[in-house]
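An overview of the molecular structure
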Amino acid sequence: MTLTKRIEDTKVDIALSTQTQISEPLSLYVGLGIKNRAPSYQERYLWTPMEATGGLADGHVYIGDINLKSETAYQGDIGLTYQSDKARFAPHVFYQSIDNYIQGVPMPMEAMSAKMMASMMAGDENPLQFSNVDAKLYGVDFNWYYNISDSFSFSGLASYVKGERRDISDNLYRVAPLNGQVTMTYNTNNMIANLTFVAVAAQDDVSITNSEQTTSGYGLVNLDVEYFVNNDLTLRGGVDNLLDREYQNHLGGYNRVKNTDIPVMTRLPSEGLSAWAEVTYSF
């Protein structure tokens with residue numbers, strides 16, 4: 001006889017926002033929300049220790065928990081926007097308190113058989129089980145542009161986010177570090193060219209639970225051009241990582257393949273100097 005357990009999730013998301021014009025160039029935005037996420041298939045039904053973790057790629061093996069609760073995030077967002085004929089500045093601050101955040105935690109004693117299997121089959125002495133914990137996310141983002149003339153303009157954006165557990169002293173896994181970019185744009189009647197400078201800070205606020213590795217900061221230069229041959233034909237092309245900088249994206253994965261130039265469980269390198277091109281024809 002096979003025993004089954006029926007699981008259903010029915011959730012309602014709520015979002016409220018308002019924007020008020022304080023003065024002619026200045027407006028205030030306020031947003032509130034309650035959003036939910038049901039557990040994924042792996043998080044709920046992974047019954048034997050595996051690395052099939054929906055892209056976590058932290059090197060640990062996991063088991064699921066059929067009794068997982070859905071995540072509920074209580075969100076708040078406030079921002080100002082200043083806009084004139086030549087410029088726009090828009091800083092925003094946000095905060096999220098998340099109940100029942102789904103996170104891998106060390107397996108409990110009652111899962112000892114799964115822990116032994118993980119150790120014997122995968123060599124993982126610290127296997128994890130998807131569980132509900134409490135977490136929070138907060139930060140700020142800022143975007144802007146400034147028109148120097150009809151042909152030249154500058155624009156940019158910056159973002160900082162911090163993710164923490166609320167139940168223990170640990171950071172959340174795979175949170176992007178402080179990052180920003182500045183783009184100088186030159187445009188004419190039939191061409192747009194963008195020169196972009198990208199800066200990413202080091203990330204030291206990593207998850208101890210997930211054995212997350214820190215990453216160093218880096219800077220990149222990208223160039224792209226869009227040329228309108230006529231009303232129907234457009235040519236686009238660009239060069240990314242113009243200076244061929246070696247770097248590791250903190251949100252990237254780890255190498256899990258043996259006998260390669262990259263040691264097992266070290267971060268995968270990001271793409272070096274690369275070029276692209278495309279042609280669009282409308283008719």
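Residues numbered from 1 in each chain as written. Predicted model: local features only at pLDDT ≥ 70, side-chain atom pairs only at ≥ 80, totals over all residues. Heavy atoms only, no water.

This part covers the side chain of Glu-212. Residue position: Glu-212 is located in the loop between strand E9 (191-200) and strand E10 (218-228). Of the buried charged residues, Glu-212 lacks a salt bridge, with Arg-267 as the closest side chain of opposite charge at 4.1 Å. From its side chain, Glu-212 meets the backbone nitrogen of Arg-174 in a polar contact 3.0 Å long. Polar side-chain contacts of Glu-212 include one of 2.9 Å to the backbone nitrogen of Ser-207. (Helix = DSSP H or I, 4+ residues; strand = E, 2+ residues; numbered from the N terminus. Buried < 20%, exposed > 50% of the residue type's maximum accessible area, 1.4 Å probe, protein only. Lys, Arg positive; Asp, Glu negative; His and termini not counted. Salt bridge = Lys/Arg side-chain N within 4 Å of Asp/Glu carboxyl O. Polar contact = N/O pair within 3.5 Å; in protein donor to acceptor, adjacent residues only side chain to side chain.)

Our next topic: a nonpolar patch on the surface. On the surface, Val-12, Ile-14, Leu-16, Val-30, Leu-32, Ile-34, Tyr-74, Ile-78, Val-93, Val-140, Tyr-160 and Leu-178 cluster together to form a nonpolar patch covering roughly 1000 Å² of accessible area. Mapped by element, the contributors of at least two residues to the nonpolar patch are strand E1 (14-21), strand E2 (26-37) and strand E4 (71-83). Sorting elements by how many residues they give to the nonpolar patch places E2 first, with three residues. When you line up the elements, Val-93 lands in strand E5 (residues 87-106). Judged by relative accessible area, which is 47%, Val-93 ranks as partly exposed. (Patch = residues over 30% accessible without salt bridge, like charges linked within 9 Å, V, L, I, M, F, W, Y side chains within 5 Å. Areas by Shrake-Rupley, 256 points an atom, 1.4 Å probe, with all protein chains shown as cover.)

This part covers the nonpolar core. The biggest cluster of nonpolar side chains holds nine residues, and these are Ala-73, Ile-98, Tyr-101, Val-105, Val-133, Ala-135, Leu-137, Leu-172 and Val-175. For this core, the secondary-structure elements that each account for two or more residues are E5 and strand E6 (128-147). If sequence neighbours within four positions are ignored, Val-133 has contacts with Ile-98, Asp-99, Asn-100, Tyr-101, Gln-103, Val-105, Arg-165 and Asp-167. Judged by nonpolar contacts, the second largest core, of six residues, contains Leu-46, Leu-68, Ile-102 and Leu-128. (Core = buried A, V, L, I, M, F, W, Y, C linked by side-chain atoms within 4.5 Å. Contact = heavy atoms within 4.5 Å.)

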